[in-house]
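Chain residues, written in single-letter form:
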Amino acid sequence: MFLFRSFSSSSFLLTSYSRLSKSVSLQTLFKRGFTPTLQSINKFLIFLSRTQRFNSIIHFISQMNSNQIKGNSQTHSIFTWALLKLHKFEEAEDFMNSQMGKTSFSPNSRLFDLLIQGFCVKRNNPERALLVLKSCLRNYGTFPCSFTFCSLIYSFSYLGYMNRAVEVLELMTDQNVKYPFDNFVCSSVISGFCKIGKPELAIGFFENATGLGALRPNVVSFTALLSALCMLGRVNEVNDLVIRMENEGLIFDVIFYSSWIYGCLRDGSLLEALRKHRQMIERGIKMDVISYTILIDGFSKEGQVEKAVGILNKMIKDGLRPNLITYTAIILGFCKKGKLEEAFNVFKKVEDIGIVADEFIYATLIDGVCRRGDLDYAFHLLEEMERKGIKPTIVTYNTIINGLCKVGRTSEADEVSKGILGDVVTYSTLLHALFMVGALEDAHALYQAMSEMDLVANSVTYCTMIDGYCKLGRIEEALEIFDEFRGRNRGIAPNIVTYNSLMNTLCRQGCLVEAFRLFDSLEKIHLAPSEVTYATLIDNLCKEGFLLDAKQLLERMVLKGFNPSTRIYNFLIDGYCKLGRMEEASKFLHDLETTCLKPDEFTVSSVINGFCLKGDMEGALGQFFKFKRQGILPDFLGFLYLIRGLCTKGRMEESRSILREMLQSKTVLELINGVDSEVESESVVSLLFSLCEQGSIREAISILDEIGSILFPVRSFSTDYGSRTSNKLYECEAFTSSSKQNDSEMVENSYNVGKISQSLDFDFCYSQIASLCSKGELQKANGVLKEMLSRSNTDS
DNA sequence: GAAACGGCAC
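In short, a report on the structure. (Residues numbered from 1 in each chain as written. Chains lettered and ligands numbered in written order. Predicted model: local features only at pLDDT ≥ 70, side-chain atom pairs only at ≥ 80, totals over all residues. Heavy atoms only, no water.)

1. Looking at the overall build of chain A
- Along the backbone of chain A there are 46 helices and zero strands.
- Looking at chain A as a whole, 49% of its 796 residues qualify as buried.
- Summarising the internal contacts of chain A: among those between residues at least 6 apart in sequence, 63% fall at separations of at least 24. (Helix = DSSP H or I, 4+ residues; strand = E, 2+ residues; numbered from the N terminus. Buried < 20%, exposed > 50% of the residue type's maximum accessible area, 1.4 Å probe, protein only. Contact = heavy atoms within 4.5 Å.)

If you want it as structure tokens, here you go:
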């Protein structure tokens, strides 16, 4: 055997080894009589490690093992390192565990970093990573680096495991570790909370994290916060956020703006979304595929698919490639409008350009054909997608079930549901269908069955039940469910925002009484109403014509120390104006002005509308000029009311002069431009200008009407109440005929039918009827209906 | 390193 001294120099070993072919093994070295020292072996292994030859390290060490050459702690470290670098995390962990306490091997923190991050990121298994982290802290007393903690927090947040994310946060900020957390952590946690539907916790976290100046939020954290605010419907607060960011000198980017636009759209405001889009372009921020997709989706959902296609074309002209989501949004827009041929043309195009379809796009199409009642084609599409290997999930089945229910094929819907593992949506759909056909017992049984299947009824389920019972006149059962809904969700401890939204939903469904019952219950659970609570209730009371109640609530709100905003005053002013009660409206206008608040464009528009509805054009013009002198012009609708009113009276010159003023208003022009921000905006404005100059006022009005219907799809600005009312009348009559008479209800009638019917506002009557119907107060509804019909006969 | 987009029920 050769003497070892020959090899005491590792450089010799290295050169020998590197000169030899890759297949050269330790075995060969032994055969050639080389017996290296452990020190030289380690140096050699370090060399291999530095040259990234990790497989060779593993190979070499396994040779050492078979030759009973024992390594020391350095050898073990290099071996572990190599395993980790080769992503053999499980083996690395096993090895580290096996060495624990056996040798002097004590893995340094860098090895733990790699192991934990490996499980977390590469294996997508943060649970296992967390176990390693805990064991590391407990058994080795070594602290992985800050980024390791961050990766874990990110992964847990990404998966929505927020308990775990918080657990790591606690470990990270623990006395012994005391790592400060940065914007990476902050933004991840915020978005995690949003992901699990807890935006209020996200906001709380942001406030805590940045509260004591511990963390200066950057644009990413602010964007995450923005999303949380928007989820809570607090998109208005983003303006303050922007000011704060500007003060901090932060640079806005496309993600910030697209999140903001998304928030506006989700709030139902296309106009605001377009304003933000314009602002973004003005700031020199370029649109990308996602921001375009957000806009397209927003327009499609609001029934503006043509505009969405316009944006799509602009996007392509910008050199961007629409993706599957973009096209799905367009398809949804067409389906929503019943334009199935166009929807399928887009679908064909998607396949032609080689984009692979997925379940979303199929579910969208299936929903489209279901809404047309073509269930056969829906089943055909279902087969087609399965043929393509796209596995339908519960959402697609729910779409089919909903389609079957909508066409009255409830027993088939039931059959389909039995073949799958239904979720809360499946059962809510079936419940709705059963209520529709009046199958109360079946509905009740199904509802009971849900809990046996461990399906937790959510707010939609409860609303379906409550609404279903209400519509069938079964108020008692409805209230029972309502109480259960409250009794059930106690553990979740809904905050005031949840309550506000629920109250708003109840109001919108005409369940004002229930909304107020909820409002009254807030005190019992020590939950303070917010300004939004009052605003929501006042708004809905005014919309329903309960102006006295609205007024009292306003007083109550002031007593509680709130300062009502112009917006709240506007609700009341608008409410009185719509009923033609101009004196009361003026009183509130006066109150508004004396409380140091400024009337705004909505105030003046409501007042103008009030006078116009009464046919008092002098009054309307008087208000217009009065406010104009104060520098307050009406908004788009206010101008339109006035122009239309004057035109109806044949006062064409005055109408034209107001139109001219309208076309000089910056906000109005911005708004019109907004509608056509990408295509032919100049032409619309210039067309209006030339119509105005030609004196073609009626034509100009019809264009403005068109623009109005795009901008305010929900808000009524058309005087043609008839067509919108007829369907509701049909519904009301259907309910009325099936109702049981109840005289005592008549006696307790708190709704003054006579008063209502004196009003010329059909829209108001209609909302009364809808509200009474949904409360099951069918006789009262019938009264209003008859009054209304008799008025409509005499008026016409 | 992180923040933005899609389908079903009221």
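Still more to cover.
2. Some words on the state of the cysteines
- Following the criterion strictly, the structure yields zero disulfides and no others.
- For Cys230, which is in no disulfide, the shortest distance to another cysteine sulfur is to Cys264 and amounts to 6.7 Å.
- By relative accessible area, which is 3% here, Cys264 ends up buried. (Disulfide = S-S within 2.5 Å.)

3. Comments concerning the nonpolar core
- Ranked by internal contacts, the top residues of the largest apolar core, which has 225 residues, are Phe256, Ile538, Phe636 and Leu642.
- The element best represented in this core is helix α37 (residues 636–648), accounting for nine residues.
- When we break this core down by domain, the ones giving at least three residues each are domain 1 (1–102) and domain 2 (108–180). (Core = buried A, V, L, I, M, F, W, Y, C linked by side-chain atoms within 4.5 Å. Domains from an automatic or database assignment.)

4. Points about a nonpolar patch on the surface
- A surface patch of nonpolar side chains, amounting to about 400 Å² of accessible area, comprises Tyr154, Tyr158, Leu159 and Tyr161.
- Under the relative-accessibility criterion, Leu159 is labelled partly exposed at 34%. (Patch = residues over 30% accessible without salt bridge, like charges linked within 9 Å, V, L, I, M, F, W, Y side chains within 5 Å. Areas by Shrake-Rupley, 256 points an atom, 1.4 Å probe, with all protein chains shown as cover. Salt bridge = Lys/Arg side-chain N within 4 Å of Asp/Glu carboxyl O.)

5. With respect to the side chain of Ser428
- Note that Ser428 resides in helix α25 (residues 424–436).
- Ser428 sits in the buried class, given a relative accessible area of 8%.
- In terms of polar contacts, Ser428 uses its side chain to reach the side chain of Thr461, at 3.1 Å.
- Setting aside its immediate chain neighbours within four residues, Ser428 contacts Thr461 and Thr464. (Polar contact = N/O pair within 3.5 Å; in protein donor to acceptor, adjacent residues only side chain to side chain.)

6. Here we look at helix α21 (residues 359–371)
- Over its 13 residues, α21 extends 18 Å from the first C-alpha to the last, a length consistent with the 18 Å expected when each residue adds 1.5 Å.
- Here α21 has its buried residues at Glu359, Ile361, Tyr362, Ala363, Thr364, Leu365, Ile366, Asp367, Gly368, Val369 and Cys370.
- Of the surrounding elements, those touching the buried residues of α21 are α19 (324–336), α20 (340–352), α22 (375–387) and α23 (394–406).
- After α21 finishes, the residue Gly373 shows a positive phi value of roughly 85°. (Expected span 1.5 Å × (residues − 1).)

7. Brief notes about the packing of helix α18 (residues 305–317) against α19
- Running from N to C, α18 and α19 point in directions that differ by 155°, and their axes come no closer than 9 Å. By the angle between their directions, the pair α18 and α19 is classed as roughly antiparallel. In this structure, the crossing between α18 and α19 has a hand that is left-handed. Here α18 contributes Val305, Ala308, Val309, Leu312 and Met315 to the contact with α19, which in turn contributes Thr326, Tyr327, Ile330, Gly333 and Phe334.
- Of the residues belonging to the contact of α18 with α19, the class tally is eight nonpolar, two polar and no charged. (Axes fitted to C-alpha atoms, helices over the stretch in contact; angles between N-to-C directions. Parallel < 35°, antiparallel > 145°, perpendicular 65-115°, else oblique. Left-handed = near helix turned anticlockwise from the far one by under 90°. Nonpolar A, V, L, I, M, F, W, Y, C, P; charged D, E, K, R; others polar.)

8. Section: the pattern of salt bridges
- Scanning all chains against the criterion turns up 35 salt bridges.
- The residue Glu127 makes a salt bridge to Arg164 at a minimum N-O spacing of 2.8 Å. Here Glu127, found in helix α8 (residues 126–140), pairs with Arg164, found in helix α10 (residues 162–172); they are 37 residues apart in sequence, far enough to count as distant.
- We classify Glu127 as partly exposed; its relative accessible area is 32%.

9. Let's talk about the packing of aromatic side chains
- Evaluated as defined, the whole model comprises 29 aromatic pairs.
- Aromatic pair Phe347 and Tyr362: ring centres 5.3 Å apart, planes at 75°, arrangement edge-to-face. Of the two residues, Phe347 sits in helix α20 while Tyr362 sits in helix α21, which places them 15 residues apart along the sequence. With respect to class, Phe347 is no different from Tyr362; both count as buried.
- Aromatic side chains Tyr447 and Tyr462 sit 6.5 Å apart centroid to centroid with 70° between the ring planes, which places their arrangement in the edge-to-face category. Of the two residues, Tyr447 is situated in helix α26 (residues 440–452) and Tyr462 in helix α27 (residues 459–471); the sequence distance between them amounts to 15 residues.
- Relative accessible area serves as the criterion here: at 8%, Tyr447 is assigned to the buried category.
- Ring pairs connect the aromatic residues Phe147, Tyr154, Tyr158 and Phe184, which therefore count as one cluster.
- Over the face of the ring belonging to Tyr158 we find Lys195, whose NZ or CZ atom lies 4.4 Å from the ring centre.
- One residue, Lys626, lies across the ring of Phe627, its end atom 4.7 Å from the ring centre. (Phe/Tyr/Trp six-rings, centres within 6.5 Å; stacked < 30°, edge-to-face > 60°. Lys NZ or Arg CZ within 6 Å of the ring centre and 35° of its normal.)

10. Let's talk about the protein's contact with DNA strand B
- With respect to spatial proximity, 51 residues lie near DNA strand B, and among them Phe184, Asp253, Ser258, Asp288 and Glu359 are the closest.
- Among atoms of DNA strand B positioned within 4 Å of the protein, sugar and phosphate together represent 37%.
- Within the side chain of Asn402, an N or O atom sits 3.5 Å from a phosphate oxygen of DNA strand B.
- Class assignment of the residues belonging to the surface near DNA strand B gives a composition of 19 nonpolar, 21 polar and 11 charged. (Near = heavy atom within 4 Å.)

11. Focus: helix α6 (residues 89–99)
- Restricting attention to buried positions, one finds in α6 the residues Phe89, Ala92, Glu93, Phe95, Met96 and Gln99. Across the axial projection of α6, the buried residues extend over an arc of 160°, all falling on one side.
- Buried-residue contacts for α6 involve α5 (73–85), α7 (109–122) and α8.
- Looking one or two residues beyond α6, the residue adopting positive phi is Gly101, at roughly 75°. (Arc of directions from axis to C-beta.)

12. Things to note about unusual backbone geometry
- Here the phi dihedral of Gln52 falls at roughly 60°; this positive angle occurs in a residue that is not glycine.
- You can call Gln52 exposed: its relative accessible area is 57%.
- Positive phi is not limited to glycine here, since Gln68 has a value of about 55°.
- As for its position among the elements, Gln68 is in the loop between α4 (54–66) and α5.
- Using a relative accessible area of 66% as the deciding quantity, one classes Gln68 as exposed.

13. Observations concerning the environment of Val460
- Considering the arrangement of structural elements, one finds Val460 in helix α27.
- Remark: the alpha-carbon pair of Val460 and Thr429, spanning 31 residues in sequence, is separated by 9.7 Å.

14. A closer look at the packing of α8 against helix α9 (residues 146–159)
- Where α8 meets α9, the closest approach of the two axes is 10 Å, and the angle between their N-to-C directions is 150°. By the angle between their axes, α8 is roughly antiparallel relative to α9. Handedness of the α8/α9 crossing: left-handed. Contacts between α8 and α9 pair Pro126, Glu127, Ala129, Leu130 and Leu133 from the former with Phe149, Leu152, Ser155, Phe156 and Leu159 from the latter.
- When grouped by side-chain class, the residues that make up the contact of α8 with α9 number eight nonpolar, one polar and one charged.

Keep in mind these numbers describe shape, not what the thing actually does.
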